[in-house]
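Structural features, examined
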Amino acid sequence: MSLIARRIDDLGTENAFTVGAHIARAEEAGIDVIRFNLGEPDFDSADHINREAIRHIEEGNAHYVDPQGLLSFRRAIAEHVAATRGIGVDPDRIVVTPGAKPPIGLAMATYVDPGDEVIYPSPGFPIYESLARYHGAVPRPLHLQEDAGFAFTASDLQPLLSERTKLIILNSPSNPTGAVLSGPGLDEVADLVDRACGPDVRIFSDEVYEHILFDGRRHESIVTRPGMEARTILVSGHSKGFAMTGWRLGWAVLPTPDEAEIFTRLNINTISCVPPFIQEAGRAAYEDPASRDVIDAMVAAFEERRNFFVPALNDIDGIRCATPQGAFYVFPNVERLCRSIGAVEAWESLPAGRKRRTTPAGLLQLFLIYRYGVATVDRHAFGSIGADGQHFLRLSVATGLDRLEEGVRRLRAAASDVEGFAAFVDDRAV
Ligand SMILES: Cc1ncc(COP(=O)(O)O)c(C=O)c1O
């Protein structure tokens, strides 16, 4: 018998958080670090939302409440879903959670038995792969290709479907690529699932970036496609669109009230309920027309920064960066840079154990933090199965334009610093 349960070996992490330890160390050494690693808006929650929470706390609305979520908030979610997806949802099918992340685990716990297969995008939000393994599922990464703009088609999905498929996870707009699923591509995916999958196969549609789209695009959800409402767990929340990451507020719309009851029971077994004053603030976020301008201003800022950042990155030798359509990340290919700076060679000469724990882009990531004060996240943090030989970094544009400009200056200098990289590898014995 060992102290720690065996399943913990299968639990991964989210490197956007763990890179924090490197940043802290670099800052202790006096380095100013530009945080391109961050997965949250650099805006604060809006006044009208803050005031609503404060008012409720002052009125004593800070006790246990319905573990499924306040009916008033679930009604506001239903109205938001009707306005944005054109479907009528009974509040019985909605469960409120502390963020959009918990529904990932709730869905695995509800639907997935050991040996069942879970399909998820890779590169994608790391928690999909982590929790699929933790729940004993067989992970089936759907590899997204740079030359297809990180979108995928029904013919990419089809070979992954099997008798054991239980959950198909979609994420649009995507973390980390900023790709968006829409139009005929989304129709075809829905059509394939409808035709090829039994009624017990569920789609988990992670739409937490639903508010953040560029170039006048409108958000589209698979839940609106024929036959999909009956099998889709639609998930979103307030973290990204309302800049409320630390509030911890999200929700899931389940295909049936019975499935919502299971999510609620899992809530009872873990968190009990989401604080009522936070839910009331979340309700105000949906109901108060002031939210529209706040979101529009934030999205315009992200778009302006993307418009600066993507061409500036493409102008650096060794970097090739696609233009994201939503969310607030860019996801450049740094393969040529990894080769020219010596990161591929350095990685190849590592002892087997260390080699397994890092990648060429991972070495580049550390070099950028410790020598140039630029924090990024390596592609391998976004699903590692089958990702060998892929050299990308994720950089967030949730940072002011002046910091983006400074970051580009530093990246350009780092990209030609072959000697500095060699010295770094020697010094740190990475
Ligand atoms: C794709 C995706 N899903 C879910 C989450 C989790 O969101 P929340 O902070 O609301 O739990 C994130 C956060 O980065 C994300 O990128």
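Scroll up to find the structure this text is about.
The paragraphs below set out a description of the structure included in this document. (Residues numbered from 1 in each chain as written. Predicted model: local features only at pLDDT ≥ 70, side-chain atom pairs only at ≥ 80, totals over all residues. Heavy atoms only, no water.)

Regarding the site of the ligand
- Every one of the 13 residues lining the ligand counts as a neighbour, but Asp206, Tyr209, Ser239, Lys240 and Arg248 are closest to it.
- The separation between an oxygen atom of the ligand and a polar side-chain atom of Asn175 is 2.8 Å.
- Between the ligand and the protein, one listed contact pairs an oxygen atom with a side-chain N or O atom of Tyr209 at 2.7 Å. (Near = heavy atom within 4 Å. Polar contact = N/O pair within 3.5 Å; in protein donor to acceptor, adjacent residues only side chain to side chain.)

So, the layout of surface pockets
- There is about 1,000 Å³ of room inside the largest pocket.
- Around the largest pocket, the lining comprises 38 residues; the ones closest to its centre are Asn15, Arg356, Arg357, Thr358 and His380.
- Going through the elements one at a time, helix H1 (15-28), helix H5 (126-134), helix H12 (343-348), helix H13 (352-357) and helix H14 (360-372) are the ones with two or more residues in the lining of the largest pocket.
- Among the elements that line the lining of the largest pocket, the one with the most residues is H14, at 5 residues. (1 Å grid on protein atoms, 1.4 Å probe; cavity = no way out; pocket = protein on both sides within 12 Å on 5 of 7 lines; lining within 4 Å. Points joined across faces, edges and corners; volume = space filled by probe spheres on them. Helix = DSSP H or I, 4+ residues; strand = E, 2+ residues; numbered from the N terminus.)

Some words on empty space enclosed by the protein
- Per the counting criterion, the structure on display carries 3 cavities of 30 Å³ or more.
- A volume near 110 Å³ is recorded for the largest cavity.
- Along its surface, the largest cavity is lined by 16 residues, and Leu144, Phe150, Asn171, Ser174 and Leu181 are the ones closest to its centre.
- Classifying every residue of the lining of the largest cavity gives 10 nonpolar, 6 polar and no charged.
- Volume-wise, the second largest cavity comes out at about 50 Å³.
- For the second largest cavity, the full set of lining residues is Leu313, Ile319, Pro332, Val334, Leu337, Leu364, Leu368, Thr376, Leu393, Leu395 and Leu411.
- Only H14 and strand S12 (393-396) provide two or more residues apiece to the lining of the second largest cavity.
- Looking at the lining of the second largest cavity residue by residue, the class counts come to 10 nonpolar, 1 polar and no charged. (Nonpolar A, V, L, I, M, F, W, Y, C, P; charged D, E, K, R; others polar.)

Structural notes on the pattern of salt bridges
- One pass over the structure, following the stated rule, counts 32 salt bridges.
- Note that Arg74 and Asp66 form a salt bridge whose closest N and O atoms lie 3.4 Å from each other.
- The structure contains a network of salt bridges with shared partners spanning Glu52, Arg55, Glu59, Glu280, Arg283 and Glu287. (Salt bridge = Lys/Arg side-chain N within 4 Å of Asp/Glu carboxyl O.)

Points about the sheet that holds strand S11 (residues 377-378)
- Spatially, 3 strands are ordered S9-S12-S11 in an open sheet, and the strand pairing comes out antiparallel. Edge positions in the open sheet fall to strand S9 (329-330) and S11, since each of these has one partner strand only. (Pairing = 2+ DSSP bridges.)

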